[in-house]
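Reading the structure
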Amino acid sequence: MSIHESADVAAAEQWWVHTLELPTNRFQRATLKRHRPTIRYNTQEEYHGCLVIDVPRSRELYWKIEGLVAGLGAAIT
């Protein structure tokens with residue numbers, strides 16, 4: 001999970017655990033985004049960070065998805 005350091009990290013982790021119905025040991029330590037003095041709009045209680053999913057040996061899958069997205073983009077334009 002990637003989340004702003006000013007957010008409630010523990011609450012966000014518990015939200016993801018509950019929402020995805022996974023044990024806590026399936027999650028790695030959260031990556032904290034450093035605070036920059038700008039206006040953040042995602043500060044409400046609904047902010048739970050950004051879930052990051054690592055897929056081992058996923059290079060070929062990535063290329064297939066990338067090709068699919070490029071094909072869809074070409075079909076739209």
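This paragraph deals with the nonpolar core. Met 1, Ile 3, Ala 7, Ala 12, Trp 16, Ala 30 and Tyr 47 form the largest nonpolar core, which has seven residues in total. When near neighbours in sequence (up to four residues on either side) are disregarded, Ala 30 contacts Met 1, Ile 3, Val 9 and Glu 13.

Let us look at unusual backbone geometry. As a rule of thumb, non-glycine residues mostly have phi less than zero, and peptide bonds are mostly trans rather than cis. Backbone geometry at Glu 21 places phi at a positive 55°, although glycine is not the residue there. Relative to the helices and strands, Glu 21 is located in the loop between helix H1 (9-20) and strand E2 (31-33). Unusually for a residue other than glycine, Arg 57 sits at a positive phi of about 50°. Its relative accessible area of 83% is what places Arg 57 among the exposed residues.

Here the focus is H1. The end-to-end C-alpha separation of H1 is 16 Å, in line with the 16 Å expected for 12 residues at 1.5 Å each. Residues Ala 12, Trp 16 and Val 17 constitute the buried set of H1. Projection of H1 onto a plane perpendicular to its axis shows the buried side chains occupying an angular sector of 140°, all on one side. For H1, the elements touching its buried residues are strand E1 (2-4). Within two residues after H1, Glu 21 carries a phi angle of roughly 55°, on the positive side.

Reading the values: the criteria
Residues numbered from 1 in each chain as written. Predicted model: local features only at pLDDT ≥ 70, side-chain atom pairs only at ≥ 80, totals over all residues. Heavy atoms only, no water. Core = buried A, V, L, I, M, F, W, Y, C linked by side-chain atoms within 4.5 Å. Buried < 20%, exposed > 50% of the residue type's maximum accessible area, 1.4 Å probe, protein only. Contact = heavy atoms within 4.5 Å. Helix = DSSP H or I, 4+ residues; strand = E, 2+ residues; numbered from the N terminus. Expected span 1.5 Å × (residues − 1). Arc of directions from axis to C-beta.

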